[in-house]
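Chain residues, written in single-letter form:
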Amino acid sequence: MTTVIGTDLSEAARILRGGGLVAIPTETVYGLAANAYDAEAVLRIFEAKRRPAFDPLIVHVADRAQLNDVVRAVPPEAEALMDRFWPGPLTLALPKSARIPDLVTSGLDTVGVRMPAHPLAQELLRALPFPLAAPSANPFGYVSPTTAQHVADQLGDQVPYILDGGPCTVGVESTILGWEGGACVLYRPGGVPVEAIEAVIGRVGGPSRQVLPVTPGMLASHYAPRTAVIVGDATALLKAHAHQRIAVISFHQRFQAMDNEVLSPGGDLHEAARGLFAALRKADASGAELIVAEVFPDEGLGRAINDRLRRAAAARG
Ligand code: TXA
Ligand code: MG
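Source: prediction; values computed, not measured.

What is the right way to look at the nonpolar core in this model?
For soluble globular proteins, nonpolar side chains are generally found buried alongside one another. Grouped together as the largest cluster of nonpolar side chains are 67 residues, with contacts concentrated most on Leu 92 and Leu 124. The contact partners of Leu 92, leaving out residues within four places of it in the chain, are Ala 78, Leu 81, Met 82, Trp 86, Val 111, Gly 112, Val 113, Leu 177 and Trp 179. Counting residues in hydrophobic clusters, the runner-up holds 28 residues, among them Val 172, Phe 277, Leu 309 and Ala 312.

Have a look at this one:
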C-alpha cells in the first residue's frame, strides 16, 4: 500500500466510513484512527501498529453529546475537568457504554475518552456519525509521531491516508485520569499539567498497586528510540562515556557532543515538550551510539517530558 499525505477531509471521511484507517493530526501527537464502534476496523489498528491486544485505545469524540453514546456515567469531577480542559490534551477513563467493542478497551469496563483541540481533527469528527478510536500512530513501543512525515516514515505501508495538520502544538500525549473507589488517579502525565488539574478538583493520587499495569503507557519500555538512552546529569554522563558517539537532549543549555538537540534555548517547557519526540527521532538517526538526556524540572509539562525520557531509557534497562 502506498500512503497519501494530504488535507482532503472528505477523502479521510470516506476511508473511515468504509472501515479503513486514517492517520489524523491532534494537538498532542498524530493518531491512527478507525471507527470506534466497528470492531473489525479497530482490529486493523492493532495489526498496523503490531500492538498487543491488552493495550486499550483512546476514543476521540466530537462533542459532549457524542460522549453520552460512549460512556455510561460521568462523575462530577470529570464534568468539571471537561468544562475546563476540553477540547484539549486530557483523557478520562470512564465507564464504557455497550456501543464500544471490548477490543477498544481490551476488556476493561472503562473507556479512555477525549475531545481533541486540533481544528482538522474536530472538523473530521463532526463530519462522521461515529467517534474515532486512535492510539498514537507509531509502531508499538516506539516514539510517537508529531508530524505527518513521521507517520509516513514508519507506518506508510500500513495506512492509505495521512491527514496533514502540521506539526503538533503540544507534542506529548494527553494526560490520562481515572477514578478508583471514587478518587481521581493519574495514569499518565501529559499535555495538561497535574498542577492545573489539581487547581480544579484538588489532590490527584497515584493508581492502586493491584490494578497495575492498567495503562500500558505506564509500561517501563515505552516511547523508546532504537539507540540506548540514559537520563541524568549531561556533563557527568558525557565525561563517563567520553569514548562513545553521543547525542545530547538538553533543555536550554548547549553541550559539546557529536549531536545536541536543545529543546528550548529560552527555557520554556511548552516549547521543550513540543520538540521532544522530533528531537528523539533526530538523535536516533544521528549515528550516535548513546542518547544522553537531561532531567527536566519536575513541574508543569516537565513531568510529562521526564516520564517519556525515563520510559525511553528503561527500554534497555
Ligand atoms: O494524546 C493522546 O492521548 C494520543 C492522541 C492520538 O490522542 N493518543 C495516545 O494513545 O497516546 P496511545 O494508545 O498511544 O496511548 C493511550 C494510553 C495507553 O497506554 C492505554 O493503555 C491507555 O491510554 N488507556 C486507554 N484506555 C484506558 C483506560 N480505560 N484506562 C486506563 N488507561 C487507558
Ligand atoms: Mg502511544
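Please clarify how the sheet that holds strand S4 (residues 58-60) should be interpreted in this entry.
Backbone hydrogen bonds are what pair the strands of a sheet, in a parallel or an antiparallel way. As summarised here, the arrangement of the 10 strands in space is S1-S8-S2-S3-S7-S4-S6-S5-S9-S10, forming an open sheet in which the pairing is mixed. Either end of the sheet is taken by a strand with one partner, and the two such strands are strand S1 (4-6) and strand S10 (183-188). Where strand S2 (residues 22-24) meets strand S8 (residues 161-163), two bridges bridge the pair, whose relative direction is parallel. Each bridged residue has a counterpart across the sheet, and for Val 22 the counterpart in S8 is Tyr 161. Running at roughly 155° to strand S3 (residues 31-35), helix H2 (residues 39-49) makes contact with S3 and strand S7 (132-133) of the sheet.

Would you take a moment to explain the confidence of the model for the chain for this structure?
As a note on interpretation, predicted positions should not be read in detail where pLDDT is low. On average, residues of the chain carry a pLDDT of 94, and 95% of them reach 70 or more. Within the model, the stretch residues 210-214 combines pLDDT values under 50 with six contacts to residues more than four positions away or in other chains.

Got a minute to help me understand the packing of helix H1 (residues 9-17) against helix H6 (residues 119-127) in this structure?
Packed helices, taken two at a time, are described by the angle their axes make and the gap between the axes. The N-to-C vectors of H1 and H6 enclose an angle of 50°; their axes lie 10 Å apart at closest approach. It follows from the interaxial angle that H1 and H6 lie oblique. The two elements H1 and H6 meet at a crossing, and its hand is right-handed. The residues of H6 that touch H1, namely those facing Leu 9, Ala 12, Ala 13, Leu 16 and Arg 17, are Leu 120, Glu 123, Leu 124 and Ala 127. Tallied by class, the residues present in the contact of H1 with H6 amount to seven nonpolar, no polar and two charged.

Explain the environment of Cys 168 here, please?
Among the secondary structure elements, Cys 168 is positioned in the loop between S8 and strand S9 (175-180). Judged by its relative accessible area of 3%, Cys 168 falls in the buried class. For the pair Cys 168 and Asp 268, spaced 100 residues apart in the sequence, the C-alpha separation amounts to 16 Å. Ignoring any residue separated from it by four or fewer positions in sequence, one finds Cys 168 in contact with Thr 26, Glu 27, Thr 28, Val 29, Tyr 30, Pro 145, Thr 146 and Arg 274.

Any chance you could explain unusual backbone geometry here in plain terms?
If a residue is not glycine, its phi is most likely negative; likewise, a peptide bond is most likely trans. The omega torsion across Trp 86 and Pro 87 is -10°, close enough to zero to call that bond cis. Note that Pro 87 resides in the loop between helix H4 (76-85) and strand S5 (90-95). Notably, Arg 50 is not glycine yet its phi reads approximately 50°, a positive angle. Looking at the secondary structure, you find Arg 50 in the loop between H2 and S4.

Would you explain the environment of Arg 311 in this entry?
Counting through the fold element by element, Arg 311 comes out in helix H11 (residues 301-314). Counting along the chain gives 161 residues from Arg 311 to His 150, while the straight-line C-alpha distance between them is 20 Å.

For this particular structure, what's the right way to read the pairing of S5?
Looking along a regular strand, one sees the side chains alternate between the two faces of the sheet. Counting buried residues along S5, five of its six residues qualify, which places the element largely inside the surrounding structure. Pairing geometry for S5 and S9, over three bridges, is parallel. Counted as the bridge partner of Leu 92 is Leu 177 from S9. Note that S5 and strand S6 (residues 110-114) share four bridges and pair antiparallel. Bridge pairing in S6 places Leu 94 opposite Val 111.

Just to check I follow, could you spell out the packing of H4 against helix H8 (residues 194-201) for this structure?
Two numbers describe how H4 lies on H8: the axes approach to 10 Å, and their chain directions differ by 125°. For the element pair H4 / H8, the angle class is oblique. In the crossing of H4 with H8, the sense of the turn from one axis to the other is right-handed. When H4 is examined against H8, the residues Glu 77, Ala 80, Leu 81, Arg 84 and Phe 85 are found in contact with a partner set consisting of Ala 196, Ile 197, Val 200 and Ile 201. In the contact of H4 with H8, the residues fall into seven nonpolar, no polar and two charged.

How do you make sense of the pattern of salt bridges when you look at a structure like this?
A pair can form between side chains of opposite charge whenever their charged atoms are brought close. Evaluated as defined, the whole model comprises 15 salt bridges. The shortest N-O distance in the salt bridge between Asp 307 and Arg 311 comes to 2.5 Å. Of this pair, Asp 307 and Arg 311 both sit in helix H11, four residues apart, which is roughly one turn of that helix. When its relative accessible area of 7% is taken as the criterion, Asp 307 is described as buried. Judged by its relative accessible area of 12%, Arg 311 is buried.

The rules behind the values
Residues numbered from 1 in each chain as written. Chains lettered and ligands numbered in written order. Predicted model: local features only at pLDDT ≥ 70, side-chain atom pairs only at ≥ 80, totals over all residues. Heavy atoms only, no water. Core = buried A, V, L, I, M, F, W, Y, C linked by side-chain atoms within 4.5 Å. Buried < 20%, exposed > 50% of the residue type's maximum accessible area, 1.4 Å probe, protein only. Contact = heavy atoms within 4.5 Å. Pairing = 2+ DSSP bridges. Helix = DSSP H or I, 4+ residues; strand = E, 2+ residues; numbered from the N terminus. Axes fitted to C-alpha atoms, helices over the stretch in contact; angles between N-to-C directions. pLDDT = per-residue confidence, 0-100. Parallel < 35°, antiparallel > 145°, perpendicular 65-115°, else oblique. Left-handed = near helix turned anticlockwise from the far one by under 90°. Nonpolar A, V, L, I, M, F, W, Y, C, P; charged D, E, K, R; others polar. Salt bridge = Lys/Arg side-chain N within 4 Å of Asp/Glu carboxyl O.

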